[in-house]
Amino acid sequence: MTADAELPVKDGGGVRRARYAVAAVFCAHGAVTGSFATRVPWIQEHAQISAGQLGLALAFPAVGAALAMPLAGSVSHRFGSRAALRGLVALWTLALALPSLAPDLLTLCLALFVFGASAGMSDVTMNALGVEVENRIGRSVMSSLHGMWSVGALLGSAAGTVAAHLHVDARLHHAGAALVLTAIAVTVCQGVPDVRSEPDETPPPRFALPPRSALLIGAVGFCAVFAEGAAMDWSGVYLRDVLGGSPGVAAASTTAFALTMAAARLSGDRIVDRFGAVGTVRVGGTLATVGGLLVVTATGTVTALAGFGLIGLGVAVVVPLTFAAAARSGPRPAQAIAGVATITYTSGLIAPSAIGGVADLSSLVASFGLVTVLAFGLVLGAGVLRTRPKAAAGGSPATPAAADAPRP
């Protein structure tokens, strides 16, 4: 792979501009998700579908993403990373307008399939570029990039909440948001690195299964995303049904958890630089395990809230670190990231229903017992994130902090 000449490793200003550009793309990507999530009730009513049918439709974004993500490497190889990201992120932001236009279940499923496919391909491409910037800047930045995604999701959901409160038609809201976010994303993409393949480099397959190197790394991501999804979707229900918390406390728990995740990701890079990826994930897994134990043993809402907070802190930086490790695990970063992303998307898809299924068979306490076991899996599996850093542009080795070794 060759990189564009305007961003050599020693050019601090160029690297910083590239980092800000990629961060802005992450923020715009998250804003689409936040904008969509707030209008799901409107979309359900417009399509005239039941709760069960809505649940079926909401599985299609994950299906579309899982099938499309392996294509991202081929797109980047053919067009270069900058043009690929510009096209794919524009496809994603414009796809925001589709679900609210769907008049029935079938068209909603098709719209959400396209929505998820564009999300997945742009996700893989921007994470690959995030790792490229991390290599050039010489220290961890992936956590803060994912923190910017969380910031974007919060901004998108805040704007969506205002639109819903003002009874704005979701078709108008999403069309306007799609145009604004597309203009922003396409503009900032001009500042991202333009990584291109060597003329004689063998192109990646158009569709490839995850490489073996990504499977164990993906398993770590699976544990983290499962715990994150369970806490995000079920913390309010747990506080209400198990501990008798008020509706206000139950509702606030989800927002508090999201804010905790965003704050941890924005500050996580300094921790990764200090302790390395393996040490950070082991400590995070320990915090998440303790948090899970607090939840399942809690007799009051305060203890449970503290437990959910520890789960959020513990898993916040794991997914960014799995993407970074995947990119350095083999010769095709986009393919490896796509493999890890597919596994983590699958975890996010099955976590809510798995928690509900265990709760039906036993109890919500038992469900979060499962979450606690998976959180401990982060402690046991953190070692797979120890990968050799790739050489940076210009032939010099990448900084160890960008891979695993802690800094003094």
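Residues numbered from 1 in each chain as written. Predicted model: local features only at pLDDT ≥ 70, side-chain atom pairs only at ≥ 80, totals over all residues. Heavy atoms only, no water.

Per an unreviewed UniProt entry, the protein chain carries the name MFS transporter and comes from Streptomyces albidoflavus.

1. Brief notes about the packing of aromatic side chains
To keep things clear, this is the line we draw: Pairing of aromatic rings covers Phe, Tyr and Trp, the last through its six-membered ring, and needs centres within 6.5 Å; plane angles under 30 degrees mean stacked, over 60 mean edge-to-face, and all others mean tilted. In this text, helices come from DSSP runs of H or I with a minimum length of four residues, and strands from runs of E with a minimum of two, each type numbered from the N-terminal end. Here's how the labels work: a residue is buried when its accessible area is under 20% of the maximum for its type, exposed when over 50%, partly exposed in between, all with a 1.4 Å probe on protein chains only.
Under the defined criterion, the tally for this structure stands at six aromatic pairs. Judged by centre distance (5.0 Å) and plane angle (45°), the ring pair of F36 and F115 falls under tilted. Placement of F36 in helix α1 (residues 12-38) and of F115 in helix α7 (residues 105-137) is noted, with a sequence separation of 79 residues between them. By the burial criterion, F36 is buried, and F115 matches it. Here W92 and F115 contribute two aromatic rings whose centre-to-centre distance is 4.6 Å and whose plane-to-plane angle is 45°, an arrangement assigned as tilted. Pair noted here: W92 is in helix α6 (residues 81-95) and F115 is in helix α7, with a separation of 23 residues, a long-range link. Residue classification places F115 among the buried positions, given a relative accessible area of 5%.

2. Section: the nonpolar core
Heads up, the condition is: Definition of nonpolar core: a set of buried residues of the types Ala, Val, Leu, Ile, Met, Phe, Trp, Tyr and Cys, connected through side-chain atoms within 4.5 Å. What makes two residues a contact is simply this: any of their non-hydrogen atoms within 4.5 Å.
The biggest cluster of nonpolar side chains holds 82 residues, and the ones touching the most others in it are L85, V281, F308, F368 and L378. Residue contributions to this core peak at 13 residues, all from helix α10 (residues 212-242). Once you skip the residues sitting within four places of it in the chain, F368 turns out to touch A230, A231, W234, Y238, V295, V296 and F308. If you look at the next biggest cluster of nonpolar residues, it comprises 22 residues, including V40, A57, A95 and L112.

3. Description of the packing of α7 against helix α8 (residues 142-165)
Each pair of packed helices gets described by two things: the angle between the helix axes and the distance between those axes. Rule in force here: Interaxial angle, 0 to 180 degrees, is taken between N-to-C directions of lines fitted to C-alpha atoms, where a helix line uses only the stretch in contact. In these notes the angle categories are as follows: under 35 degrees is roughly parallel, over 145 is roughly antiparallel, 65 to 115 is roughly perpendicular, and the rest is oblique. For any pair of crossing helices, the crossing counts as left-handed if the nearer helix is rotated counterclockwise from the farther one by less than a right angle, and right-handed if it is rotated clockwise. Throughout, the ten residues Ala, Val, Leu, Ile, Met, Phe, Trp, Tyr, Cys and Pro are labelled nonpolar, Asp, Glu, Lys and Arg are labelled charged, and all others, Gly among them, are labelled polar.
In contact at an axis separation of 10 Å, α7 and α8 are set at 140° when each is read in the N-to-C sense. Compared by their axis directions, α7 and α8 come out oblique. Once α7 is placed against α8, the crossing between them reads as right-handed. Judged by residue contacts, M126, N127, G130, V131 and E134 of α7 engage M142, L145, H146 and W149 from α8. Looking at the contact of α7 with α8, its residues break down into five nonpolar, three polar and one charged.

4. Details of the packing of α8 against helix α13 (residues 318-327)
Here α8 crosses α13 at 125°, and the two axes come no closer than 8 Å. By the angle between their directions, the pair α8 and α13 is classed as oblique. Our pair here, α8 against α13, has a crossing hand that is right-handed. Between α8 and α13, the residues in contact are M142, S143 and H146 and V319, P320, F323 and A324, respectively. When grouped by side-chain class, the residues that make up the contact of α8 with α13 number five nonpolar, two polar and no charged.

5. Focus: unusual backbone geometry
Backbone geometry at Q48 places phi at a positive 55°, although glycine is not the residue there. The exposed category is assigned to Q48, whose relative accessible area is 71%. Here the phi dihedral of H167 falls at roughly 60°; this positive angle occurs in a residue that is not glycine. Take H167: it is sitting in the loop between α8 and α9 (170-188). Classification of H167 as exposed rests on a relative accessible area of 72%.

6. Focus on α9
Here is the rule: Take the number of residues in a helix, subtract one, and multiply by 1.5 Å to get its expected span. The directions considered for the arc run from the helix axis to the C-beta atoms. Polar contact criterion, stated in full: a pair of N or O atoms within 3.5 Å, where within protein one must be able to donate a hydrogen and the other to accept it, and residues adjacent in sequence count only if both atoms are side-chain atoms.
A rise of 1.5 Å per residue sets the reference length of α9, with its 19 residues, at 27 Å; its end C-alpha atoms lie 26 Å apart and thus fit the reference within 8%. Taken residue by residue, α9 has A170, H173, H174, A177, A178, L181, T182 and A185 as its buried positions. Looking straight down α9, one finds its buried side chains confined to an arc of 150°; they lie on one side. For α9, exposure combined with an orientation more than 90 degrees from the buried face picks out L172, L179 and T187. Among the residues of α9, the N-terminal cap falls to D169, whose side-chain oxygen and the backbone nitrogen of R171 are separated by 2.7 Å.

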